[in-house]
Amino acid sequence: MDYLKELNPPQREAVERTEGPVMIIAGAGSGKTRVLTYRIAHLIYARGVDPFQILSLTFTNKAAAEMKHRIESLVGLDARNTWMGTFHSVFAKILRVESEKIGYPSNFTIYDTDDSKSLIRSIVKEMRLDDKVYKQGVVLSRISGAKNRLISWQAYQKDPFVKADDEAAMRPRMGEIYQKYQDRLFKSGAMDFDDLLFNTNVLFRDHADVLNKYQHRFKYVMVDEFQDTNLSQYLITKKLAAVHQNICVVGDDAQSIYAFRGADIQNILNFEKDYPDLFVVKLEQNYRSTKTIVEAANSIIDKNKAQLKKTVWTSNPDGDLIELIKATSDNEEGRIVATTIFEERNNKKLNNSDFAVLYRTNSQSRAIEEALRKMNLTYKIVGGLSFYQRKEIKDLMAYMRFTVNSVDEEAFKRIINYPKRGIGDTSVEKILVAAYDHDMPLWEVVQNAPNFLSGRAGSSVDDFATMIKAFQIEVERKDAFEAANFIAKQSGLLRELYEDKTIEGLNRYENVQELLNAIKEYVDNPENEDKSLGAFLQEIALLTDNDRDKDTTDAITLMTIHSSKGLEFKQVFVVGMEEDLFPSQMMMQSREDLEEERRLFYVATTRAMDKLYLTYALTRYRFGRLLNCEPSRFLEEVDPATIKVNKRMSATREMPGAMRQEGLPGGSGFIGLKKKPESRVPSQMKIHTPSPDFKPSNTNNLQAEQLVEHPKFGFGKVEKIEVEGLNRKATIKFEHFGEKTLLLSFAKLRIID
DNA sequence: ATTCGGGTCGTTTTT
DNA sequence: CGACCCGAAT
């Protein structure tokens, strides 16, 4: 039991108190993850609990993976058998087994936000409502909010308060949309994210035997980031723990920053009421930050009324004062951040990865990125467009989804005419209408297309159905990887991408390859018993970009404060400390909103271990308008004893000589990419027939000014040649297609001399 | 089937 | 300002 010696008394108490309801209030940097992992290890080691009986729920896959990894190194492979994952993934797994009891197929699809929005759009359109009033986002968040509070569409329509709300917002038919939305999801054999939790509640409510089974299976239930749970999640946990009462929640009310998506801070503030014999442990010693930073953070959060009393302290050294930096503009702010990182890194022998720049809104990253790039500092952006949201990935996944669950409407709409097979919107509409009019499953209609569509469209859909049937046979016989490969090839999707030799096209092709690799890895992983495509799809539906292998490159991290939770860095910059930006003007409707912004500021400051910088700009552009910015009220709230106003770096300042030279190659420090412009090729010109004698030339000696022929884009003139790493890129101006940049190692070009 | 022009709107984000 | 959506025009 050596590991217990590594813990301080409250941590140890939190680990050893395994029986009965426990709430661990864990201040920032107080070793929360360590306590959680040791607690699980302790259950297995000291108490002899079967890992199979321990359920731990987290908020991100990353947190779950990290914890699993740490337990494994503590306990060994036994740890594999504990149930650990996000609320959504754990209950998706359970629903997969039990869904038929509530009328869903066991191979149900999970709709992501895009699918949900697209479905809402169709419904609003079909109801002939104004989509400017019933905006997808608004409608979805309203429905989502209801589901998170366990309000079914029936209850929604009956509730007079809800009704009054919707009418006041000039959206009286919201209840109807909710009903139709649920109906369509059901008929598509699909659940959205909120349904995974909502339906688990339904399952446990209506099927006592099922609830009983899981209540007895999970003798110990643990919830991480408890301050971020919504009602739906909380009730599931409560039900599961009702028999053994071994429920342990870990959280920090001071870091509750997700109210806007249904998290209810009252869950943590009122937890005691639900469990009168609750044992509360407070972890108040901070191991992460300097005294200065801890004091500053405390001075902010103390202003909040709604909070659990605790005093976070540290025995770490005082450290440097927080630097408050005033910049004249957002670009200067970026420059100051970049030069400061550059100097600090060299003076203190730090790595890029020791630095983070945090902002309130994603759009603020631009100025910072520009400045970092100019100084050739490597950076990465966390968040932004996810891998799984890329069009090419969603397309292939839609094929796989439809093969597995051939009533999935959103998947159907995505692939029925991509690659093009002459089935336009009208035909698609006819198919869907037919399905609803005759109350037939979508797949029935597709299989009998000629009955519903005339002429060419009918036979095209027929061919499509034949193809899908071939896929289904493949899926039944082969594992996920082989089936996915088959689908990617036979659908024509891979070929479509392969033929596009532009940089963006290559990226898309590589992305698809990467997805296929991920499937291969999934199949090869002995931990995954079910190697079918269906099983893989279920796994991947709940992944986000943050879960993918992060590159090992040493880079400065840029992200929003929200996504910084749980992380730590030696030096942290919080930029954009201006009134109305942070705290955000849009957010500030009530005292609660101000308090949430304050907690957000608390989260930001407590990411820093050694040094914290707060910066603001006096002018900033927003929506094309020049703003005059006042320093944020938060700057006034921070204990002034912890701050020094940095005159040295404010105002205009010379950059170090080495940085000043013009024409430094900018691009190499650039890892993150927020948005890739799609290459737009005018369709009439798509088909260039290569000359009969077309043979790709050796492009090793390709020069500017030379004339070339491309099999797809036709004739063009080389504008310039660049070297990027091992690759050479040629920018070529084509007769009809304009400028394209091609990678020479891939492009097939014929040199015309 | 695509493209272009006009109009709108603009947090935070996980699953 | 600029991204996105939609409808009119090709």
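These numbers were taken from a predicted model, which means no experiment stands behind them.

Look at helix H18 (residues 391–404): 20 Å from first C-alpha to last across 14 residues, which is about the 20 Å you get at 1.5 Å a residue. Looking at H18, one finds that the buried residues are Glu 392, Ile 393, Lys 394, Asp 395, Leu 396, Met 397, Ala 398, Tyr 399, Met 400, Arg 401, Phe 402 and Thr 403.

Two side chains with opposite charge may pair up if their charged atoms get near one another. Across all of its chains, the model carries 50 salt bridges by this definition. With a shortest N-O distance of 2.9 Å, Lys 101 and Glu 98 are connected by a salt bridge. Note on Lys 101: relative accessible area 41%, which makes it partly exposed. We note a salt bridge from Glu 637 to Arg 598, for which the minimum N-O separation is 2.9 Å. Of the two residues, Glu 637 sits in helix H29 (residues 633–637) while Arg 598 sits in helix H28 (residues 591–605), which places them 39 residues apart along the sequence. The pair Glu 637 / Arg 598 is uniform in exposure class, with both members buried. Here the salt bridges do not stand alone but share partners, grouping Asp 112, Asp 114, Asp 115, Lys 394, Arg 401 and Asp 408 into one network.

On to the UniProt feature "binding site: ATP" (unreviewed entry) in chain A, then. In the UniProt entry, the feature "binding site: ATP" (unreviewed entry) is given for Ala 26, Gly 27, Ala 28, Gly 29, Ser 30, Gly 31, Lys 32 and Thr 33. Residue class for Ala 26 comes out buried when judged on its relative accessible area of 3%. For Ala 26, the contacting residues outside a window of four places in its chain are Lys 32, Val 250, Gly 251, Asp 252, Gln 255 and Leu 283. Examined against the element boundaries, Lys 32 turns out to sit in helix H2 (residues 32–45).

Domain annotation of chain A identifies domain 1 (3–100 + 199–283), domain 2 (109–188), domain 3 (313–386 + 548–645), domain 4 (389–543) and domain 5 (706–752). One C-alpha centre belongs to domain 2, the other to domain 3; they are set 37 Å apart.

Here H18 crosses helix H23 (residues 455–477) at 80 degrees, and the two axes come no closer than 9 Å. Our classification of the angle between H18 and H23 gives roughly perpendicular. Counted together, Tyr 399, Phe 402 and Thr 403 of H18 and Phe 464, Met 467, Ile 468, Phe 471, Gln 472 and Val 475 of H23 form the full contact between these two elements. For the contact of H18 with H23, the per-class residue count stands at seven nonpolar, two polar and no charged.

You can see Asp 330 is positioned in helix H16 (residues 330–348). Placed 194 residues apart in sequence, Asp 330 and Asp 524 show a C-alpha to C-alpha distance of 49 Å.

Side chains of residues three or four places apart in an α-helix project in the same direction, reflecting 3.6 residues per turn. Of all the positions in helix H11 (residues 208–217), only Val 210, Leu 211, Tyr 214 and Gln 215 are classed as buried. Each buried residue of H11 lies within a common arc of 135 degrees when the element is viewed along its axis, so the set occupies one face. What points out from H11, more than 90 degrees from its buried face, is the exposed set Ala 208 and Asp 209. Where H11 is buried, its residues meet helix H4 (87–98), helix H10 (193–206) and helix H12 (231–240).

Attention now goes to the sheet that holds strand E3 (residues 83–86). Spatially, six strands are ordered E3-E2-E6-E7-E1-E8 in an open sheet, and the strand pairing comes out parallel. Whereas interior strands pair on both sides, the edge strands pair on one side only; in this sheet they are E3 and strand E8 (279–283). The mean angle between the axes of side-by-side strands here comes to 15 degrees, regardless of whether they run parallel or antiparallel. Across the face of the sheet, helix H3 (residues 61–75) comes into contact with strand E2 (54–58) and E3 while running at roughly 155 degrees to E3.

Mapped onto the fold, Phe 271 is located in helix H14 (residues 271–274). On a C-alpha basis, the gap between Phe 271 and Phe 486 in space is 52 Å, while along the polypeptide they are 215 residues apart.

If a residue is not glycine, its phi is most likely negative; likewise, a peptide bond is most likely trans. Omega for the bond connecting Phe 582 with Pro 583 falls within 30 degrees of zero, at 5 degrees, which places this linkage in the cis form. Secondary-structure assignment places Pro 583 in the loop between strand E13 (569–574) and H28. Phi angles above zero are rare outside glycine, and Leu 150 is one such case at about 60 degrees. A residue is classified by how much of its surface remains accessible, and Leu 150, at 26% relative accessible area, is partly exposed. A positive phi angle, near 65 degrees, is found at Gln 245, a position not held by glycine. Within the secondary structure layout, Gln 245 lies in the loop between H12 and strand E7 (247–251).

Definitions and limits used
- Along each chain, residue indices are assigned from 1 in the same order as the chain's sequence is written.
- Here every chain gets a letter starting at A, and every ligand a number starting at 1, in the order they are written.
- Totals for whole chains, interfaces and linings use all residues, but because this is a predicted model, local features are given only for residues with pLDDT of at least 70 and pairs of side-chain atoms are given and counted only at 80 or more.
- Side-chain calculation: all heavy atoms of the structure are included, whereas hydrogens and water are not.
- Elements are defined by DSSP. Helices are runs of H or I of four residues or more, strands are runs of E of two residues or more, and each kind is numbered from the N terminus.
- One less than the number of residues in a helix, times 1.5 Å, gives the span that helix is expected to have.
- To sort residues, take the accessible area from a 1.4 Å probe on protein chains only and compare it with the maximum for the residue type: under 20% means buried, over 50% means exposed, and anything in between is partly exposed.
- The term salt bridge refers to a side-chain nitrogen of Lys or Arg lying within 4 Å of a carboxyl oxygen of Asp or Glu.
- UniProt positions are given in the numbering used here, feature names are shortened, and annotations may be inferred rather than shown by experiment.
- When checking whether two residues touch, look at their non-hydrogen atoms; a contact exists if any pair is within 4.5 Å.
- Annotation comment: domain bounds sourced from an automatic or database domain assignment.
- What counts as an axis is a line fitted to C-alpha atoms, over the stretch in contact for a helix, and the angles between N-to-C directions run from 0 to 180 degrees.
- Each angle is binned into one of four classes, with values under 35 degrees roughly parallel, values over 145 roughly antiparallel, values of 65 to 115 roughly perpendicular, and all other values oblique.
- Three classes are used: nonpolar for Ala, Val, Leu, Ile, Met, Phe, Trp, Tyr, Cys and Pro, charged for Asp, Glu, Lys and Arg, and polar for all others, with Gly counted as polar.
- Relevant arc is that of directions from the helix axis to the C-beta atoms, nothing else.
- Strand pairing follows a simple DSSP-based rule, namely that at least 2 bridges must link the two strands.

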